[in-house]
Amino acid sequence: MKISQRADNIPPSATVGMATRAKQMSRQGLDVISFAVGEPDFATPEHICQAAYQAMEAGHTKYTAASGIPELKEAVVARLRAEVGLSYDADQICISSGGKHALTNIWQTLLDEGDEVIVFAPYWVSYPAQIQLSGGRAVTVMTDASRGFQPDPAEVRSAVTPQTVAILVNSPANPTGAIFGQETLQEIAAIAAENDLTIISDEIYRNLIFDGRQHLSIAMLDEETKARTILVDGVSKSYAMTGWRIGWLIAPKDFATKAGSIQSQETHNPCSIAQYAALAALTGPQDCVAAMRDQYEQRRDFFVEALRQLEGIECNTPPAAFYLFPDISAHLGRSLAGQQIDTSLQLAEYLLEQGLISTVPGSAFGAEGFLRLSFACSVEDIKRGLQRLKTALEI
Ligand code: PMP
Ligand code: GLU
C-alpha cells in the first residue's frame, strides 16, 4: 500500500521502541530490567483513581469542549499561580491527550513549511520528529556534560537564521536532567526578544527537582518574555499518570484558541474521565508529589554513586527528572562477547540481548557516546541492573 513520504521519513520513537522491546521480552518470560522508559513506576494515587470512578458514575462519559473542561483549565491556572506565581487566564489553555499531544498542537499552530526551531541537544527524541512532521526543521545547538549541559549563548545566536521562528527550552531536561540557570534563561530570552522568536518551554519535569532547589520558568523572568512563551506541562510525570494522557499548553489566547480549533478537527477532547482524574490531581492533596520526588532523589543518589564506580563510565549528578545520562564512550570501539561495539545503539542492543538490561542509546537524543538510564524503578532493580551492567561490560 502507498505510504506517504512524510510517514516514510519519520523514525519510530526510540524511547517507546526500547520500552516496548523490553516488555515483549518480559512477556516471553525473560527477566529484563528496564532502565528504558521515562515513566514513574508508582501507581496513580488512590484519590485520583477514585475521582475517575466518580466521574463515570456522574455520567462524565461524553464529549467535552474540544480544548478541555473549564474546571480543569481553572485548576491548571490556580496550581501554577500557587506553585510558581505565574498568572494566566483559563482561555489561554488547551488541554490535550498528554504533553506530547500539546507539543504537536504547538508545532501545527506555529510552523509553516521551512520554519526553523532551535533545539538544544541532547534533546528528547520526539522534538525533531514532531517539528519535521509539521513541516519545520529542528536546528540543534549542542550542549555538553562538562558545562552541565548549559548552552553557550554565542552558539545559540549563531544558530538563528531568517527562517528561525522559535527556541525550545526543556528545563528540567530529558534526557540529561539539566536545569538551565537564571543567566542561561536570560540569555535565551534576550536572543528571542532580539529576533522576535516564540519560546516554547516544556516544563513537564518541574515538580521533579532535587536538593531543595526551586523551579525557575523562563516565563517568570519578565512580562515581555512571558508574553512570547508557550508553556507545556501535564500530569504524567508529577502524579504518575502516564497512561491517562492529559497534558496542556498555555499560550496567548489567540494561539491557544487556534490550537483548540486544530484539536477539534483532529482528536476532539482528551478523555473526559481522565480530565476529571487530572482535576482531582491538581486540586487534591499534593503530598504524593513530594513523596514520589523524595523516592526518585534517593534512587538517583544510590544509582549515580554506584555507576561512577564502574570503569569507563562518567556520569553527572542530574539535578532533576529521573534519568542518568552517563558518558560511555570509553566502551565504544571494544569487542564484547565477540561483538564489535562502535555506537551507543550497538551497546544498547548488546546490553538488552546479552545483559537483559534495556537502556536508550544517546544517539536517539542527538548525543552519541551516551546512554540514558531511567531510575523510575525500584532500588532493587537498580542494584540488579548494575550487577548485570558490570558483567556485560566485563569490568
Ligand atoms: N516532554 C518531555 C521532555 C517528556 O519527556 C515527555 C515524556 N513523554 C513529554 C513531554 C510528554 O509526556 P506525556 O505525553 O506523557 O504528557
Ligand atoms: N518521555 C518518556 C521517555 O522519554 C516517555 C516515552 C516517550 O514518550 O518518549 O522515555
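See the structure above.
Here's what I pulled together on the structure shown here. Quick caveat, the model's predicted, so the values are computed rather than measured.

So, how was this worked out
- Going along each chain's sequence as written, the residues are numbered from 1 onward.
- Lettering of chains starts at A and numbering of ligands starts at 1, both following the order in which they are written.
- Selection of residues for local features in this predicted model requires a pLDDT of at least 70, selection of side-chain atom pairs for listing and counting requires 80 or more, and totals for whole chains, interfaces and linings are taken over all residues.
- Hydrogens are left out, water is left out, and the side-chain values use all remaining heavy atoms of the structure.
- A cutoff of 4 Å decides nearness: a residue is near a molecule or strand if any of its heavy atoms lies inside that distance of it.
- Polar contacts, as used here, are pairs of N or O atoms within 3.5 Å; protein pairs need one atom able to donate a hydrogen and one able to accept it. Residues neighboring in sequence count only if both atoms are side-chain atoms.
- Accessible surface area values rest on a Shrake-Rupley calculation with a 1.4 Å probe, where residue burial reflects the displayed protein chains alone.
- Using only the protein atoms, space was sampled on a 1 Å grid; points where a 1.4 Å probe fits but cannot get out form cavities, open sets with protein on both sides within 12 Å along at least five of seven lines form pockets, and lining residues are those with an atom within 4 Å of a point.
- More than half of a molecule's atoms lying within 2 Å of a cavity's or pocket's grid points is what places that molecule inside it.
- Residues are grouped as follows: Ala, Val, Leu, Ile, Met, Phe, Trp, Tyr, Cys and Pro are nonpolar; Asp, Glu, Lys and Arg are charged; all remaining types, including Gly, are polar.
- Buried residues are those whose accessible area, probed at 1.4 Å on protein chains only, stays under 20% of the maximum for their type, while exposed residues exceed 50% and partly exposed ones sit between those limits.
- Where helices and strands are cited, they refer to DSSP runs of H or I of at least four residues and of E of at least two residues respectively, numbered from the N terminus.
- Two strands pair under a simple rule: DSSP has to find at least two bridges between them.
- Fitting a line to C-alpha atoms yields each axis, with helices limited to the stretch in contact; the angle taken between N-to-C directions then spans 0 to 180 degrees.
- Angle categories are assigned with fixed cut-offs, so that under 35 degrees is roughly parallel, over 145 is roughly antiparallel, 65 to 115 is roughly perpendicular, and the rest are oblique.
- Rotating anticlockwise by less than a right angle from the far helix to the near helix defines a left-handed crossing, while the corresponding clockwise rotation defines a right-handed one.
- The criterion used for residue contact is that any of the two residues' heavy atoms lie within 4.5 Å.
- Grid points are joined across faces, edges and corners, and a volume is the space filled by probe spheres set on the points.

Moving on, we get to the site of ligand 2. Neighbouring ligand 2 are T15, V16, V37, G38, K100, W124, N174, Y205, K237, Y323 and R372. Between ligand 2 and the protein, one listed contact pairs an oxygen atom with a backbone N or O atom of G38 at 2.7 Å. K237 places a polar side-chain atom, nitrogen or oxygen, 3.2 Å from a nitrogen atom of ligand 2. Isolated, ligand 2 exposes 280 Å² of accessible area, and the fraction of that covered by the protein chains is 87%. Given that more than half its atoms are within 2 Å of the pocket grid, ligand 2 belongs to the largest pocket. Partitioning the shell around ligand 2 into residue classes produces five nonpolar, three polar and three charged.

With that settled, the discussion passes to the pairing of strand 8 (residues 247-250). Look at any regular strand and the pattern is simple: side chains alternate between the two faces of the sheet. The alternating pattern of strand 8 places G247 and L249 on one face and W248 and I250 on the opposite face, and all of these are buried. Two elements, strand 2 (residues 93-96) and strand 8, share four bridges in a ladder whose sense is antiparallel. Of the residues in strand 8, the one forming a bridge with I93 is I250.

What follows deals with the packing of helix 4 (residues 70-84) against helix 11 (residues 272-283). The relative placement of two packed helices is expressed as an angle between their axes plus a distance between the axes. Close contact between helix 4 and helix 11 brings their axes to 9 Å; oriented N to C, the two are set at 25 degrees. The angle between helix 4 and helix 11 places the two elements in the roughly parallel class. The two elements helix 4 and helix 11 cross, and the hand of that crossing is left-handed. Where helix 4 abuts helix 11, its residues E71, L72, A75, V76 and R79 lie against Q275, Y276, A278, L279, L282 and T283. Taken together, the residues that form the contact of helix 4 with helix 11 break down as seven nonpolar, two polar and two charged.

This part takes up unusual backbone geometry. In this structure, P122 follows A121 across a cis peptide bond, with omega equal to -5 degrees. Looking at the secondary structure, you find P122 in the loop between strand 3 (116-121) and helix 6 (126-133). Between N174 and the following residue, P175, the backbone shows a cis peptide bond with an omega angle of 15 degrees. One can find P175 in the loop between strand 5 (164-169) and helix 8 (182-194). Here the phi dihedral of R245 falls at roughly 60 degrees; this positive angle occurs in a residue that is not glycine. The backbone phi angle of A321 is positive, close to 65 degrees, even though this residue is not glycine. On the secondary structure map, A321 appears in the loop between helix 12 (287-308) and strand 9 (323-324). For A321, a relative accessible area of 0% corresponds to the buried category.

All right, on to empty space enclosed by the protein then. Under the criterion given, the structure shown has five cavities of 30 Å³ or more. Taken as a whole, the largest cavity spans an internal volume of roughly 120 Å³. In this structure, the largest cavity is lined by 16 residues; those nearest its centre are F120, P122, N170, A173 and F180. In terms of residue count, the dominant contributor to the lining of the largest cavity is strand 3 (three residues).

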